[in-house]
Amino acid sequence: MGKTGTFIALEERYGAHNYHPLDIVIRRAEGVWVEDVDGKRYIDFLAAYSAVNQGHCHPRLLKAFRRQAARVTLTSRAFRNDQLPLLCRDLCEMTGYARMLPMNSGAEAVETAVKAARKWGHKIKGIPDNRAEIIACEGNFHGRTTTIVSFSTDPQYRDGFGPFTPGFKMIPYGDAAALAAAITPNTCAFLVEPIQGEAGIVVPPAGFLRKAAEICRAHNVLLLCDEIQSGLGRTGKLFAYEWENVRPDGLIVGKALAGGFYPVSAFLTSDEVMGVFRPGDHGSTFGGNPLGAAVAREALAVIVEERLVERSRELGEWFMAKLAAIKSRSIVTARGKGLWIGLVLNRPARPYCEALKDEGVLCKETHENVIRFAPPLVITKQELNWALRRVEKVFRGLDG
Ligand SMILES: *Cc1c(COP(=O)(O)O)cnc(C)c1O
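In what follows, the accompanying structure is described. Computed from a predicted model, the values in this text were never measured in an experiment.

1. Overview of the sheet that holds strand β5 (residues 133-137)
Turning to step 1, where the next piece is worked out: Within the open sheet, the seven strands sit side by side as β4-β10-β9-β8-β7-β5-β6. Their pairing is mixed. Whereas interior strands pair on both sides, the edge strands pair on one side only; in this sheet they are β4 (99-103) and β6 (168-171). Going across the sheet, the axis of each strand differs from the next one's by a mean of 20°, ignoring polarity.
Turning to step 2, where the next piece is worked out: In the sheet, β4 pairs with strand β10 (residues 265-269) via five bridges, with the strands oriented antiparallel. By the bridge assignment, M103 is partnered in β10 with S265.
Turning to step 3, where the next piece is worked out: Together, β7 (187-192) and β8 (222-226) form the strand contacts of helix α9 (residues 208-218), whose direction differs from that of β7 by roughly 170°.

Below, the structure is given as structure tokens:
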């Protein structure tokens with residue numbers, strides 16, 4: 001097994017066992033390709049859960065990162081820096097939101113949205129103090145903090161981690177009537193992924209988000225979209241909500257926002273909602289740091305200048321058709337949008353992911369029986385074809 005075994009043994013011995021990774025130890029990567037410690041090359045069809053939409057170690061991001069790292073990396077928000085204002089402007093202009101609040105991880109940006117919505121509910125909407133309710137969807141994934149797992153419906157994410165944060169109500173994903181029925185005068189927000197990623201690339205019925213937006217508007221409830229994974233080009237639109245022509249009241253972004261170089265996330269919203277935060281209400285030592293801000297600006301510019309959104313749409317349509325055409329008794333369906341495709345099997349997906357790895361294609365199963373295909377958006381048609389031939393081979397082999 002070469003060096004791979006040595007690294008795995010060390011991590012198993014000293015690391016927490018909170019993941020079950022494929023047995024590949026990556027030492028370097030470029031674009032859509034990664035190389036393991038034994039020199040074997042693989043094509044990356046996970047893209048770090050869509051955090052490297054721009055491709056691994058993008059040269060422009062590397063340059064921006066190095067340049068800023070040699071100047072100033074962290075000021076904290078006790079002082080200002082000359083990069084955050086530029087990121088605020090670029091991200092707001094690109095998305096059309098009035099204001100942004102920078103954080104680091106996705107979960108922190110979700111927490112920010114939850115806090116903003118609750119405070120807006122109490123201070124502006126007039127909900128009695130400590131009574132604000134947020135509606136979320138079954139099957140959601142919004143992160144791993146104790147508050148966020150409080151409204152997860154995955155038993156494993158919650159088991160042993162209570163007591164949980166109250167104030168969340170669940171509805172079935174894609175059910176607009178259930179949303180309408182769940183709203184009370186104390187509802188401040190509806191938090192939703194336009195397409196559920198971790199649940200297995202679950203696309204809700206057409207019109208769901210549109211109806212949800214109308215229901216929210218009618219009841220003065222904020223529509224908050226978590227686009228941490230679905231955003232920044234992944235689905236063939238800059239944001240997945242554009243597929244339904246809606247305009248959420250709050251937008252949560254992360255992952256690809258800094259192209260995998262740095263954890264940068266943000267909550268974007270209106271003047272009115274962001275206005276609930278006063279100095280001292282909320283913050284983060286690293287949030288808005290100049291290194292992350294400089295890389296994030298460059299990462300956004302790469303998405304636009306390399307036409308990654310259009311690439312995702314065009315190549316995604318083509319790849320989906322190819323996957324759907326694979327004849328196999330184990331495939332139930334292929335679903336998704338853009339280069340974000342879930343291949344649903346009628347059996348566990350893990351053996352297929354293991355076999356694909358041996359063929360040089362890195363994918364990860366999600367929820368037992370779904371293989372997620374989500375390569376960096378810089379992938380070429382030739383590279384997709386290369387992977388496709390291996391996918392076909394694996395299905396021929398394992399289906400017998
Ligand atoms: C990954 C993800 C998160 C959490 O982001 P972290 O950076 O891991 O905290 C939240 N929501 C969605 C939809 C995600 O895909």
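That was the structure; now back to the text.
2. What to know about helix α11 (residues 290-305)
Turning to step 1, where the next piece is worked out: Look at α11: 22 Å from first C-alpha to last across 16 residues, which is about the 22 Å you get at 1.5 Å a residue.
Turning to step 2, where the next piece is worked out: For α11, the tally of buried residues reaches 12 of 16 residues, placing the bulk of the element in the interior.
Turning to step 3, where the next piece is worked out: Those residues of α11 that are buried are in contact with α3 (59-69), α4 (84-95) and α12 (308-324).
Turning to step 4, where the next piece is worked out: Where α11 begins, the capping side chain belongs to N289, and its oxygen is found 3.1 Å from the backbone nitrogen of L291.

3. Structural notes on the site of the ligand
Turning to step 1, where the next piece is worked out: Near the ligand, the surroundings consist of S105, G106, A107, F141, H142, G143, E193, D226, I228, Q229 and K255.
Turning to step 2, where the next piece is worked out: One of the backbone N or O atoms of A107 is found 2.8 Å from an oxygen atom in the ligand.
Turning to step 3, where the next piece is worked out: Note that a nitrogen atom of the ligand is positioned 2.7 Å from one of the side-chain N or O atoms of D226.
Turning to step 4, where the next piece is worked out: In isolation the ligand exposes 380 Å². Once the protein is present, 81% of that is buried.
Turning to step 5, where the next piece is worked out: Broken down by class, the residue content of the shell around the ligand amounts to three nonpolar, five polar and three charged.

Analysis parameters
Residues numbered from 1 in each chain as written. Predicted model: local features only at pLDDT ≥ 70, side-chain atom pairs only at ≥ 80, totals over all residues. Heavy atoms only, no water. Pairing = 2+ DSSP bridges. Helix = DSSP H or I, 4+ residues; strand = E, 2+ residues; numbered from the N terminus. Axes fitted to C-alpha atoms, helices over the stretch in contact; angles between N-to-C directions. Contact = heavy atoms within 4.5 Å. Expected span 1.5 Å × (residues − 1). Buried < 20%, exposed > 50% of the residue type's maximum accessible area, 1.4 Å probe, protein only. Polar contact = N/O pair within 3.5 Å; in protein donor to acceptor, adjacent residues only side chain to side chain. Near = heavy atom within 4 Å. Areas by Shrake-Rupley, 256 points an atom, 1.4 Å probe, with all protein chains shown as cover. Nonpolar A, V, L, I, M, F, W, Y, C, P; charged D, E, K, R; others polar.

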